[in-house]
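Single-letter residue listing:
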Amino acid sequence: MEQTLSIIKPDAVANQTIGKIIERFESNHLRIAAMKKIQLSQTQAQDFYAIHKERPFFNDLVQFMISGPVVVMVLEGDNAVARNRDLMGATNPKEAEKGTIRADFAQSIEANAIHGSDSLENAKNEIAFFFKAEEIL
């Protein structure tokens, strides 16, 4: 059973689509093993997205991620990383397949509703960034 991290981003939280997004996970056999709504600090956002530090969009990404609360979740299931990536759709919602989370709820490539781990290794690191082992049930 794999685990992956999902973050419902500030745009989707502000647009009150949390429940609709969670329903997508659950109806596609991804169980929520942990979940919390938080407000990221600038330092937390910078640390979480440090892999993108040298990219031109880094500062805008950090500012976006601290612009409002987010919902962080540990999703669990068979092939959880790949299944979540498929449900999310392409980063650019204009390129996302119809019926994916980003096609249905994202506003732009920047405000794209959701983050998901891109590998098992990154999932482990990202989960540990937000959750203590005892918080994952």
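Rules of the game
Residue numbers restart at each chain and count upward from 1, following the sequence in its written direction. For a predicted model such as this one, the threshold for reporting local features is a pLDDT of at least 70, and the threshold for listing and counting side-chain atom pairs is 80 or more; totals across whole chains, interfaces and linings nevertheless cover every residue. Think of the side-chain values as coming from all heavy atoms in the structure, minus any hydrogens and water. UniProt positions are given in the numbering used here, feature names are shortened, and annotations may be inferred rather than shown by experiment. Grid spacing is 1 Å over the protein atoms alone, the probe is 1.4 Å, and a cavity is where that probe fits but cannot get out, while a pocket is an open set with protein on both sides within 12 Å along at least five of seven lines and lining residues have an atom within 4 Å of a point. Runs of E in the DSSP output that reach at least two residues are strands. Runs of H or I that reach at least four are helices, and both are numbered from the N terminus. Three exposure classes are used, based on accessible area relative to the maximum for each residue type with a 1.4 Å probe and protein chains only: buried under 20%, partly exposed in between, and exposed over 50%. Contacts between residues were defined by any pair of non-hydrogen atoms, one from each residue, lying within 4.5 Å.

### Considering the UniProt feature "binding site: ATP" (unreviewed entry) in the protein
Cross-referencing UniProt, the feature "binding site: ATP" (unreviewed entry) maps to Lys 9, Phe 57, Arg 85, Thr 91, Arg 102 and Asn 112 in the present numbering. Lining residues of the largest pocket, restricted to the annotated ones just named, are Lys 9, Phe 57, Arg 85, Thr 91, Arg 102 and Asn 112. Tracing the chain through its elements places Thr 91 in the loop between helix H5 (80-88) and helix H6 (101-105). The exposure class of Thr 91 is partly exposed, given its relative accessible area of 43%. Excluding its chain neighbours within four sequence positions, the residues that come into contact with Thr 91 are Arg 102, Ile 109 and Asn 112. Structurally, the position occupied by Arg 102 is in helix H6. Here Arg 102 falls in the buried class, since its relative accessible area comes to 5%. Beyond its immediate sequence surroundings of up to four residues, Arg 102 is in contact with Met 88, Gly 89, Ala 90, Thr 91, Pro 93, Ala 96, Asn 112, Ile 114 and His 115.

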